[in-house]
Amino acid sequence: MLKNVASFFSLYLATLLMLLGTGLFNTFLSLWLTAASVSEMWVGAQIAAYYFGLVAGARVAHKLIILFGHIRAYSTGAAIVTVALLTMALVDNLWIWLALRFLVGLAMVAQLMVVESWLNEQAENEIRGSIFALYMVFSGLGTVLGQLALAMFPELDYKPIVFAAICSVLCLVPVALTRRLHPAMQVPVPIKPRYYLSLVPMSLATVFISGLLTGAFYGLGPVFAVKQGLDNNQAAIFVAAAVAAGLLAQGPLGWLADRVNRAGLIRVNSLLLLLVGVPLWGWGQLPYWVLLLISCAFGILQFTLYPIGVAFANDNIEPERRVGLSAIVLTAYGLGACLGPLAAGALMRDIGTETFFIFVSACAAILVLYVRPQQVKGDHLSPDAPTQFVPMAEVQATPVVAALDPRVDVESDVSGEPLPEEAPAAT
């Protein structure tokens, strides 16, 4: 494991710096807008624009890398992110900020695709699983450290923006100085939503709901915390506690997911998530330590929904079409992450801050009602089911990273070829 870290350290370091700056800025922006009495709808729209850029930018980034090469595309992305961050410190206009947030998401896709292409190309088959796991660890670690780094800036001024911009510039260094050869760029597979929706609707619903909750939490979780009487530092720790707990829970939940019915596990997970939100429905203010405990419980349940849903989907898809599955899964998650902050923000603006966790419970209730183990027929059960559970951090990856997933065999994949004529519903 240490040898793998050393071999790809420059790429891991670049990822950590990218997500450290992003994690800090996302929370800072929510707190900054809240302090300025901006409505929750606008706060949610800012994080939604960022995720929309991540979803929409994959094809654009692919063409950019093909035309100009990996290091130039990465450098361009880092430059655009840096300029967008600094411009937000100079321009006081929410509509311009929306455009800049979209641009940041668009540029970060190019950076992520460069890093993931290098990892894919130069990781040998026998270590792909550990390389993938380490990539997710550094991604999650960057997000957690970003929340904690906000404590260095107790005042909501320009300094956190400058720090995020510094991270964006610094992440250029490891990539610019890498001695690794430019990898071949994979051709993106076409997204075929009808086919995968017909086979794994419950799995995709789980992934979509996970996106709704994650996007809403990163955008409006800090707002909720501040409205509960926490200061800015405590609000950042409130978010960090959820993310860190979700990361630490991946191992135990993975062990469990490999030994029980995964549809049932999703349903139990969702029921517990529904119940965790109930104490925060507006019954009254709770002590800080209770809020942290609830945040940790929320993180354990919410941030493990995505990897369980993906494992459930892989169980019921032919191994030869898993690259295409990865593309549609990331799209479903990204769309959820775009819509979640908008929906939660509208509820919080029109009804009250306490509706954030009512929204969480409502989303969880949908999965409790929809995901039913008895409806899983197993008509398309994969020969290697139950597939390996793979820990996944808060998802900002691109379809390129599918090749690193140990459940995927890129050489035998036929996702880009014509589909079977009929695909009866499975999960």
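Residues numbered from 1 in each chain as written. Predicted model: local features only at pLDDT ≥ 70, side-chain atom pairs only at ≥ 80, totals over all residues. Heavy atoms only, no water.

A. Structural view of the overall build of the chain. Scanning the chain for helices and strands turns up 16 helices and zero strands. Counting contacts in the chain only where the partners sit at least 6 residues apart, residues at least 24 apart contribute 88% of the total. (Helix = DSSP H or I, 4+ residues; strand = E, 2+ residues; numbered from the N terminus. Contact = heavy atoms within 4.5 Å.)

B. Molecular detail of empty space enclosed by the protein. Taken as a whole, this structure holds seven cavities of 30 Å³ or more when the rule is applied. Size it by volume and the second largest cavity reaches roughly 110 Å³. Considering the residues around the second largest cavity, the lining is formed by 16 residues, among which Met18, Gly21, Thr22, Val81 and Leu85 are closest to the centre. Of all the secondary-structure elements, those providing two or more residues to the lining of the second largest cavity are helix H2 (9-35), helix H4 (70-90), helix H5 (94-122) and helix H7 (159-170). By residue number, the principal contributor to the lining of the second largest cavity is H2, which donates six residues. (1 Å grid on protein atoms, 1.4 Å probe; cavity = no way out; pocket = protein on both sides within 12 Å on 5 of 7 lines; lining within 4 Å. Points joined across faces, edges and corners; volume = space filled by probe spheres on them.)

C. Up close: the state of the cysteines. Applying the stated criterion across every chain yields a total of zero disulfides. Its sulfur unpaired, Cys171 is 8.4 Å from the next cysteine sulfur, which belongs to Cys167. Here Cys171 falls in the buried class, since its relative accessible area comes to 1%. (Disulfide = S-S within 2.5 Å. Buried < 20%, exposed > 50% of the residue type's maximum accessible area, 1.4 Å probe, protein only.)

D. Structural detail: the pattern of salt bridges. A complete count under the given rule lists four salt bridges for this structure. Among the salt bridges present, the one from Lys227 reaches Glu40, with a minimum N-O distance of 3.0 Å. Taken together, the residues Lys227 in helix H10 (residues 201-227) and Glu40 in helix H3 (residues 40-68) connect sequence positions 187 residues apart. The partner of Asp258 in a salt bridge is Arg262, with the nearest N and O atoms 2.6 Å apart. Using a relative accessible area of 33% as the deciding quantity, one classes Asp258 as partly exposed. Overall, the relative accessible area of 4% leaves Arg262 in the buried class. The network of salt bridges with shared partners includes Asp258, Arg262 and Asp315. (Salt bridge = Lys/Arg side-chain N within 4 Å of Asp/Glu carboxyl O.)

E. Seen up close, unusual backbone geometry. Residue Ser37 is not a glycine yet carries a positive backbone phi of 60°. Here Ser37 shows up in the loop between H2 and H3. A relative accessible area of 66% places Ser37 in the exposed class.

F. Geometry of the side chain of Ser168. Along the chain, Ser168 turns up in helix H7. Beyond its immediate stretch of four places on either side in the chain, Ser168 contacts Ala78, Val81 and Thr82.

G. View of the nonpolar core. With 130 residues, the main nonpolar core has Phe238 and Phe356 as its most contacted residues. Residue contacts for Phe356: discarding those within four places in its chain leaves Ala216, Phe217, Leu220, Gly221, Phe224, Ala344 and Met348. (Core = buried A, V, L, I, M, F, W, Y, C linked by side-chain atoms within 4.5 Å.)

H. Representation of H3 within the structure. Compared with an ideal rise of 1.5 Å per residue, which puts 29 residues at 42 Å, H3 spans 40 Å between its outermost C-alpha atoms and is within 8% of the ideal. The largest bend in H3 is about 55°, located at Gly57. Just beyond H3, the residue with positive phi is Gly69, at close to 95°. (Expected span 1.5 Å × (residues − 1). Bend = angle between axes of the 7 residues up to and from the residue.)

I. Structural context of the packing of aromatic side chains. Going through the model one piece at a time under the given rule, you end up with 21 aromatic pairs. Ring plane angle 25° and centroid distance 5.1 Å describe the contact between Phe28 and Trp32, whose orientation is recorded as stacked. One end of the pair, Phe28, and the other, Trp32, are both in helix H2, four residues apart, so they sit about a helical turn from each other. Grouped by ring-pair contacts, the aromatic residues Phe217, Tyr218, Phe224, Phe238, Phe298, Phe303, Phe356 and Phe357 constitute a single cluster. (Phe/Tyr/Trp six-rings, centres within 6.5 Å; stacked < 30°, edge-to-face > 60°.)

J. Seen up close, helix H13 (residues 288-302). End to end, H13 covers 20 Å across 15 residues, agreeing with the expected 21 Å (1.5 Å per residue, within 8%). Residues of H13 that are buried include every one of Val290, Leu291, Ile294, Ser295, Phe298, Gly299, Leu301 and Gln302, and no others. Of the surrounding secondary structure, the elements contacted by the buried residues of H13 are H10, helix H11 (232-257), helix H12 (262-277), helix H14 (305-315) and helix H16 (355-370).

K. Layout of the environment of Val175. Along the chain, the position of Val175 falls in helix H8 (residues 172-176). Along the backbone, Val175 and Tyr12 are 163 residues apart, and their C-alpha atoms lie at a distance of 9.8 Å. The residues contacting Val175, other than those within four sequence positions of it, are Ala14, Ile71, Tyr74 and Trp118.

L. Structural context of the side chain of Ser295. Following the sequence through the fold, Ser295 ends up in helix H13. Once residues within four sequence positions are removed from consideration, Ser295 is found in contact with Phe238, Ala241 and Ala242.

M. Focus on a nonpolar patch on the surface. A grouping of Leu86, Tyr158, Val162, Ile166, Leu170, Val173 and Leu177 is seen on the molecular surface, where their side chains present a nonpolar patch of about 650 Å² in accessible area. Of the residues forming the nonpolar patch, the biggest block, three residues, is contributed by H7. Relative to the helices and strands, Leu177 resides in the loop between H8 and helix H9 (193-199). (Patch = residues over 30% accessible without salt bridge, like charges linked within 9 Å, V, L, I, M, F, W, Y side chains within 5 Å. Areas by Shrake-Rupley, 256 points an atom, 1.4 Å probe, with all protein chains shown as cover.)

N. Just the confidence of the model for the chain, in detail. In this model, the chain carries an average pLDDT of 86, and 88% of its residues clear a pLDDT of 70 or more. The element-level mean pLDDT for the chain is lowest in helix H1 (residues 2-7), coming to 63, with H16 highest at 95. With pLDDT under 50 throughout, residues 422-426 is counted as low confidence; its partners more than four residues away or in other chains account for 14 contacts. (pLDDT = per-residue confidence, 0-100.)

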